[in-house]
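# What the coordinates show
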Amino acid sequence: MKTCLIVEDSETVRHILTQLVEAAGYHTLQAGNAAEALDVMIAAQPEIVFLDWDLPGLDALDFLRGAAEADIADAPHIVLCAMENDAQQFALAKAAGARFHMIKPYDKRDVRGVLGLIDQQEKLDMEEMRLMA
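In this text the structure is predicted, and so the values were computed from the model without any measurement.

Here is what the cut-offs are and how they apply
Residues numbered from 1 in each chain as written. Predicted model: local features only at pLDDT ≥ 70, side-chain atom pairs only at ≥ 80, totals over all residues. Heavy atoms only, no water. Pairing = 2+ DSSP bridges. Helix = DSSP H or I, 4+ residues; strand = E, 2+ residues; numbered from the N terminus. Axes fitted to C-alpha atoms, helices over the stretch in contact; angles between N-to-C directions. Contact = heavy atoms within 4.5 Å. Buried < 20%, exposed > 50% of the residue type's maximum accessible area, 1.4 Å probe, protein only. Polar contact = N/O pair within 3.5 Å; in protein donor to acceptor, adjacent residues only side chain to side chain. Parallel < 35°, antiparallel > 145°, perpendicular 65-115°, else oblique. Left-handed = near helix turned anticlockwise from the far one by under 90°. Nonpolar A, V, L, I, M, F, W, Y, C, P; charged D, E, K, R; others polar.

Let us now look at the sheet that holds strand S5 (residues 100-103). An order of S2-S1-S3-S4-S5 is seen for the five strands of this open sheet, with the pairing classed as parallel. Edge positions in the sheet fall to strand S2 (27-31) and S5, since each of these pairs with one other strand and no more. Across the sheet, the axes of successive neighbouring strands diverge by a mean angle of 20°, strand direction being ignored. For strand S1 (residues 3-7) and S2, the ladder comprises five bridges, and the chain directions are parallel. The residue of S2 that forms the bridge with Ile6 is Gln30. The strands that helix H5 (residues 108-132) touches are S1, strand S3 (48-52), strand S4 (77-82) and S5; relative to S5, the one it contacts most, it runs at about 175°.

Structural data, given as structure tokens:
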């Protein structure tokens, strides 16, 4: 079972997203800020991180920089979660390492959709590795 780290400062939103991800068959971990999330990510090495854009203290870009510098075997797929459909936000996050994004509020269809995209990307990555061998 894959593990997802939910990084969200709102306890209510974190709880809702956790329920949606667990209903899709994933194990979840939670963090309320970027500093805590970096510690959890390094210790648990989740396959997927749902990252809120607006975090107190260290922000999403700080987390992405820390994740890129972390000494972990496999970098997680990072899903940026934001309130606005802001192309500049997504471009900054993508340049810093986020591969996917979702707009809040999200529902079961949104969560399953992005998890499906991640599964497809993993299959493509595996096929590419096989072809290169």
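Let's shift gears to helix H3 (residues 60-69). Among the residues of H3, Ala60, Leu61, Phe63, Leu64, Gly66 and Ala67 are the ones counted as buried. In this fold, the buried residues of H3 make contact with helix H2 (34-44), S3, S4 and helix H4 (87-96). In this structure Asp59 caps H3, since a side-chain oxygen of it lies 3.1 Å from the backbone nitrogen of Leu61.

In the contact formed by H2 and H3, the axes pass within 9 Å of each other and the chain directions differ by 20°. When the axis of H2 is compared with that of H3, the two are roughly parallel. Here H2 runs over H3; the crossing is right-handed. Residues Ala34, Ala37, Leu38 and Met41 of H2 form the contact with H3, whose own contacting residues are Phe63, Gly66 and Ala67. When its residues are assigned to classes, the contact of H2 with H3 shows six nonpolar, one polar and no charged.

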